[in-house]
Structure formats: structure tokens, C-alpha cells
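# Descriptive structure summary
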Amino acid sequence: MATNHLLEIKQYGQSIWMDNLNREVIQSGELKDLVENQGISGITSNPAIFETAISNNAMYDADIEAGIRAGLPTYKIYESLVFADIRNACDMLRPVYEASNRLDGYVSIEVPPTIAHDTEASIAQARRYFQEIGRENLMVKIPGTVAGLPAVEQAIAEGININTTLLFSVDSYINTAEAYMCGLEKRLAQGKDISKIAAVASFFLSRIDSNVDAKIDEKLKRGIDDISHQAKLQAVRGKVALAKLSVGIANAKIAYQEYKKIIQSDRWQSLAAKGANVQRLLWASTSTKDPKYKDVMYVEELIGLDTVNTLPPATIAACIDHCNVANRLETDVEEAYQLMESLKDPDINIDLNVVMEELLVEGIDKFVKPYESLMNSLENKVKLLSPV
């Protein structure tokens, strides 16, 4: 029998979650098999995933018609569809949640991306989602924007499990960890239990490499007269192509070093003594976008303790088949720092602050557009299915 390499990864303290959810994967038994036999221990979702799931899919029509008969507005019909899928997935993962002592078994749902810059609206929606879905193993996703982090802090203080998403820079991760700890401290000050709260910080990978690659390719395309200048650019681009240590992977390795500093701090140790659970780093955006890259590069290079890797179905299948599993999260760390520093070289001149800001803006836009598209297509379907 062929080895399932996903099961090997668990031995190194990393959990594998699936970045996909739809009604078909639930009702067909595919999700059950992935959870019980293939090593999947959590699910993440986002507006783009639900747009793909719901648009042009007759499987949801009966529930849409029920929403129409109940006189629900379109956004409430949308929520009725999504909440039902989330509840069913939570129930399917409940045994994992219990067996892992609340470490895994979570299903993530994102607040509407249109409120990514609205703190109070994010708090209100996180609170409402958690209450209405009514599952202990639900995680609410809030983008790690300037407005999102105070919402993360307040939601944690209220006992809501939070997946802080769209993190790109190491500083954004550190700020997310600060928001988590502040939320725990606020909850403790109210005399409440913090031992049942779970949180992850979703750190995006492949989009960083795509952005940096594009900038380097543009510089090379314009033409470089100096051979040494050209060689420096190609060396950075080449490291990505070789899938040994890309900018995105180097960035993640450095973020993990910050995680280690945080959990070793007196502040965290005090919280841990009162029952706090670590806010694990979650590797997101893990499908390779460039055919030059190995299809499992964002899995193999970032296997390590107290982390989660969330994979789309194609990457899950690839990893089951041919992942080379080893504990690599803390290998080549010095090289990671050197690679990031090399971007400041005048001949390369890639400003990572600019890259990270661009990616956050693009990331929100990539969720807003499918969300709005889904609302429009759902509105059209409501009109089509409504009695004349």
C-alpha cells in the first residue's frame, strides 16, 4: 500500500487543514474520508471558495427556494446556505476536536470582506456568526488589517475562536500575536476562562513569491547592462525557481522565529500558566502559482512544531502522493535572513514594505470581488426561482 505522506507530517507537530468547502464534498462522503483516513484535521473557507461552490450549482436551489418562501433578503439566503455547510462540517470534525483536546477540528468562516476596514462591524459580525452557527469548533476569520486587529482582540476577549487572515509581513504577524495576548489578558481581567479559546495566524506564502518574481522579471525585461547586476537579480529569482528557499518561505521561517520568541516570553508563560493555548502559525496560499516550482514546495519546506498548513485539494493529492517529509521549518534560517536582506541591495531594490502593503490590498480585493459576484449571481438566481 502506498504511503500517505500527510499522515507522516502529523508526527512533526503540524496539522493539515483543507482550504476548500462545499456541499458536495460534505454530502458525497469525501470530507468524511479525508478526515477519517487521509489526515485532514480542519477546514478553512473564504468568499472565493463559496462563490465557486454556490454559483451555477443546483445543489443549493432547494434551500434558496426555502429562503425565498421565508421572505429572506439575499444576504440572509447566502448566510443560510453557508451556515448550513459550516455547521455540517463542524459536526463532521467534532470527533477530531474532542480527540485532539481542542487543538484541531476547526472550520473557519470569514466575516464579509467588505468590512475589512471596519472594527465595530467586524466585532459585531464575528459575535453574530459565532452565536448563530452555534458550534464550539467554529473559527471566525478576520483580516489582519489595522482595523481588524482590535476586532481580533475583542473577539478573543469574548471567547470567540479567531483565525486572523491575510498576514504577509513578519510585523503583521507580531501585531496579530499582540492582539491575541491582549484579548486573553482582557478576558482574564474579567475573571473568565481562557483555556478553551483557539486561534491561528494565517500567514500567506505563494502570493509573496508571485509579487517579488513579477518585480524581478520586470527589471530583467527592461534590460540590465551590468552583468553582476543581472546575476544578482537572477540569483534571487533562481532561488525561487529551485524551490529551496524562496522569499515567501524565508519570510515564513523568520515569522516562526518570532513565534518562538513570543512563547518563550514571560508574558506568554504567564498566560500559558492560566490555561492559554498557543496561537499557531498557519501557512496559507500554499498552491504554487509558477510551473517552475515544485507543487509541494510550500509544504515540504515548512513542516514544524505548533503549525498548521492549509492546502487546496490539488496540493493535498500531490502531497499524499509525493511529499518528502522532514522537519525543515528551522533549517536554513540564517540563509532566510540573508535572502530577505539581499532584497535591499541597490541592484535588486525590492522594498518588502511596499510588497506587503500591495499584497494586503490585493488580498482583500480578491475576496471582495467574488463576494460581490456571489451576491449578484445569488440575486439573479432568487429572481429566477421566485414564483411569478
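Residues numbered from 1 in each chain as written. Predicted model: local features only at pLDDT ≥ 70, side-chain atom pairs only at ≥ 80, totals over all residues. Heavy atoms only, no water.

The next thing to look at is the state of the cysteines. For the structure on display, the rule yields one disulfide. Residue Cys319 pairs covalently with Cys323 via a disulfide, S to S 2.2 Å. Residues Cys319 and Cys323 are joined through a disulfide that is left-handed, its torsion about the S-S bond being -110°. A relative accessible area of 0% means that Cys319 is categorised as buried. (Disulfide = S-S within 2.5 Å. Buried < 20%, exposed > 50% of the residue type's maximum accessible area, 1.4 Å probe, protein only.)

The next point concerns the sheet that holds strand 7 (residues 279-284). Spatially, eight strands are ordered 1-2-3-4-5-6-7-8 in a closed barrel, and the strand pairing comes out parallel. Shown here is a sheet whose adjacent strand axes are inclined to one another by a mean of 30°, direction ignored. Alignment of strand 1 (residues 14-19) against strand 2 (residues 40-44), held across three bridges, turns out to be parallel. Residue pairing across strands places Met18 opposite Ile43, the latter belonging to strand 2. In the packing of helix 6 (residues 74-99) onto the sheet, the strands contacted are strand 2, strand 3 (106-110) and strand 4 (138-143), and the crossing angle to strand 3 comes to about 155°. (Pairing = 2+ DSSP bridges. Helix = DSSP H or I, 4+ residues; strand = E, 2+ residues; numbered from the N terminus. Axes fitted to C-alpha atoms, helices over the stretch in contact; angles between N-to-C directions. Contact = heavy atoms within 4.5 Å.)

Most of strand 1 is tucked away: five of the six residues are buried. As judged from the five bridges shared by strand 1 and strand 8 (residues 307-311), these two strands associate in the parallel manner. Residue Trp17 lies in a different strand from strand 8, and its bridge partner there is Thr310.

A few words on the UniProt feature "active site" (unreviewed entry) in the protein. With numbering matched to this structure, UniProt assigns "active site" (unreviewed entry) to Lys141. Following the sequence through the fold, Lys141 ends up in strand 4. Take Lys141: its relative accessible area is 5%, and that puts it in the buried class. Excluding anything up to four places from it in sequence, Lys141 contacts Thr44, Ser45, Asn46, Ser108, Ile109, Glu110, Val111, Asn163 and Thr165. (UniProt positions renumbered as here; feature names shortened; annotations may be inferred.)

Looking now at the nonpolar core. Residues Leu21, Ile86 and Phe203 are the most contacted members of the largest nonpolar core, which totals 126 residues. Sorting elements by how many residues they give to this core places helix 17 (residues 352-385) first, with 13 residues. If we ignore the near neighbours within four places in the chain, the residues touching Leu21 are Ile26, Leu31, Ile43, Ser45, Ile49, Phe50, Ala53, Asp85, Ile86, Ala89 and Val107. (Core = buried A, V, L, I, M, F, W, Y, C linked by side-chain atoms within 4.5 Å.)

Put simply, side chains in a regular strand alternate between the two faces of the sheet. The element strand 4 is extensively covered by neighbouring structure, given that six of its six residues are classed as buried. The pairing of strand 3 with strand 4 spans four bridges and is parallel. Bridge pairing in strand 4 places Val107 opposite Leu138. Handedness of the crossover joining strand 3 and strand 4 through helix 7 (residues 119-133) is recorded here as right-handed. Regarding topology, helix 8 (residues 148-157) serves as the crossover connection from strand 4 to the parallel strand 5 (residues 162-167), and that connection is right-handed. (Right-handed = clockwise from strand over helix to strand, strands pointing away.)

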